[in-house]
Amino acid sequence: KISRPCLKEQLNLCLAPCVGKVTKEEYFQYVQKALDFLDGKQKKLLESLEIKMKKASDNLQFEEASEYRDKKEIVKLLIEQSGCKSQASRFAKEERKKQFSRKALLELKQILNLEKFPEKIEAYDISNFAGKEAVGSLVVFQNGEPSKTKYRHFKIKNVFGQDDCAMLSEVIKRRYIRLIKQKDYPDLILVDGGKGQLNAALKVLEELDIKNLPVISLAKQKEEIYTKGREKPFHLPNDSVSLHILQYIRDESHRFAINYHRKLLRNTFKVSVLDNISGIGKKRKELLLRNFKTIDGIRITNVDEIAKLLKIGKIRASQILAKINYLSPLC
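What counts as what
Residues numbered from 1 in each chain as written. Predicted model: local features only at pLDDT ≥ 70, side-chain atom pairs only at ≥ 80, totals over all residues. Heavy atoms only, no water. Helix = DSSP H or I, 4+ residues; strand = E, 2+ residues; numbered from the N terminus. Rg over C-alpha atoms; globule rule 2.2 N^0.38 Å. Buried < 20%, exposed > 50% of the residue type's maximum accessible area, 1.4 Å probe, protein only. Contact = heavy atoms within 4.5 Å. Pairing = 2+ DSSP bridges. Disulfide = S-S within 2.5 Å. Axes fitted to C-alpha atoms, helices over the stretch in contact; angles between N-to-C directions. Left-handed = near helix turned anticlockwise from the far one by under 90°. Nonpolar A, V, L, I, M, F, W, Y, C, P; charged D, E, K, R; others polar. Arc of directions from axis to C-beta. Salt bridge = Lys/Arg side-chain N within 4 Å of Asp/Glu carboxyl O.

Asks: Got a sec to walk through the overall build of the protein? Specific residues and values, please.
Replies: Scanning the protein from terminus to terminus reveals 11 helices and seven strands. A globule of 331 residues ought to have a C-alpha radius of gyration of about 20 Å, yet the protein, at 33 Å, is considerably larger. Seen through its principal axes, the protein has C-alpha atoms that stretch 90 × 70 × 40 Å. Within the protein, the fraction of its 331 residues that count as buried is 38%. Considering only intrachain contacts with a sequence separation of at least 6, the fraction spanning at least 24 residues in the protein is 54%.

Asks: Run through the pairing of strand β7 (residues 224–227), naming residues and quoting values.
Replies: Covered by surrounding structure in β7 are E224 and Y226 together with I225 and T227, the residues of both alternating faces. Both strand β6 (residues 215–219) and β7 contribute to a ladder of four bridges, which runs antiparallel. Among the inter-strand pairings, S217 is bridged to a residue of β7, identified as Y226. The hairpin formed by β6 and β7 contains four residues between the paired strands, and Q221 there has a positive phi angle of roughly 70°.

Asks: How would you sum up the state of the cysteines? Please name residues and give values.
Replies: With the rule as written, the count across this model stands at zero disulfides. For C14, which is in no disulfide, the shortest distance to another cysteine sulfur is to C6 and amounts to 5.7 Å. On the accessibility criterion, C14 (34% relative accessible area) is partly exposed. Its sulfur unpaired, C18 is 6.1 Å from the next cysteine sulfur, which belongs to C14.

Asks: Tell me about the packing of helix α5 (residues 164–182) against helix α6 (residues 195–207), residues and numbers included.
Replies: One way to put it is that α5 packs onto α6 with a least axis distance of 9 Å and a crossing angle of 35°. Here α5 runs over α6; the crossing is right-handed. Between α5 and α6, the contacting residues are D164, C165, L168, S169, I172, K173 and Y176 on the first element and G196, Q197, A200, A201, V204, L205 and E207 on the second. Among the residues making up the contact of α5 with α6, the classes are represented as eight nonpolar, three polar and three charged.

Asks: Which residues make up helix α8 (residues 282–292), and what values go with them?
Replies: Among the residues making up α8, those that are buried are K285, L288, L289 and F292. Mapping the buried residues of α8 onto a view down its axis gives an arc of 90°, with all of them on the same face. Those residues of α8 that are exposed and aimed more than 90 degrees away from the buried face are K282, K283 and R290. Taken from the residues just after α8, K293 is the one with a positive phi, measuring 70°.

Asks: How would you sum up the pattern of salt bridges? Please name residues and give values.
Replies: As enumerated under the stated definition, the model contains 15 salt bridges in all. Measuring nitrogen to oxygen at the nearest pair gives 3.6 Å for the salt bridge that ties E145 to K97. Taken together, the positions of E145 in strand β3 (residues 145–146) and K97 in helix α4 (residues 62–112) put the pair 48 residues apart, joining distant regions of the chain. Across the pair K120 and D184 runs a salt bridge whose closest N-O atoms are separated by 3.2 Å. On the criterion of sequence distance, the pair formed by K120 in strand β1 (residues 120–129) and D184 in the loop between α5 and β5 (188–192) is long-range, its members being 64 residues apart. Given a relative accessible area of 39%, D184 falls into the partly exposed group. A network of salt bridges, in which partner residues are shared, links E223, R250 and D251.

Asks: Can you break down the pairing of β6 residue by residue, with the values?
Replies: Counting buried positions along β6 yields five of five residues, so the element is predominantly enclosed. Burial along β6 is two-sided: the face carrying V215, S217 and A219 and the face carrying I216 and L218 are both buried. In this sheet, β6 lies alongside β5 in parallel orientation, the contact comprising four bridges. Note on β6: the bridge partner recorded for D192 is L218.

Asks: I'd like a description of unusual backbone geometry, backed by residues and values.
Replies: At D209, a residue that is not glycine, the phi angle is positive and equals roughly 60°. With respect to the element layout, D209 can be found in the loop between α6 and β6. With a phi angle near 60°, N212 is a residue other than glycine that sits in the positive phi range. Among the structural elements, N212 can be located in the loop between α6 and β6.

Encoded structure:
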């Protein structure tokens with residue numbers, strides 16, 4: 001202990017435990033209130049001060065009631081300031097994001113020599129596995145931000161076998177036959193792939209007599225950019241904001257395509273593979289999928305587990321497992 005408290009006590013900024021003006025228990029009550037405030041329990045603190053203020057007032061202790069009232073006002077002010085800071089932080093973060101997107105798009109406009117600012121960008125990708133359940137995806141970005149309500153999936157209808165360029169042609173043709181009437185074209189089309197994919201997209205637009213619509217392709221691994229009228233691709237620096245936004249959009253189109261493709265594959269396997277195996281009826285099918293979750297889960301298990309689960313012999317279990325592997329070897 002010391003003989004007298006410092007200036008903070010006189011300014012009501014400290015309880016002066018150093019001179020014994022507050023007990024240990026009282027001090028830690030205040031500590032707990034501070035923790036409650038920081039934990040977001042401001043309502044609890046305000047209610048506590050309201051009760052104490054009313055009790056002091058009822059006991060005609062008006063000076064004490066006045067202190068509780070002032071403390072209530074201070075807490076309310078702190079809550080308001082805390083909310084403002086949080087809102088300001090969110091606003092600042094959003095503004096930084098907008099500024100980054102605008103800078104990236106402006107840089108992209110200059111690099112690609114675009115006539116218009118690329119406010120609206122459409123991106124396309126194809127996903128298939130050896131031609132199975134092939135799908136295409138369309139994602140739309142507005143001012144550098146995904147516009148998810150405008151995303152679209154396409155099931156490939158007219159291409160058989162693994163021909164990504166032909167699949168891309170089908171998707172873009174189906175999309176732009178609809179857009180011709182609306183005339184709601186994007187400022188830039190981005191396709192996932194190399195020169196073949198770029199030429200496939202350009203050919204479709206030419207057939208539909210859609211002119212002056214910029215198209216580029218972005219190939220994975222080396223991140224090569226292909227454009228119309230340019231024989232060889234070019235690269236952007238790894239720290240280029242315009243490259244980052246192209247990668248972001250391209251990766252989003254890839255994610256959207258592959259998720260849809262996987263969903264179709266799962267549905268196909270659930271419907272067809274187990275249904276085509278003699279000796280597996282509805283109950284056994286449900287039992288297998290409930291225990292092993294997926295066809296892949298069944299494939300990686302051993303004969304003993306299948307025999308035990310289905311209550312069949314090992315030879316029969318082995319035949320079932322072999323049939324599943326035969327029907328879905330690429331699952």
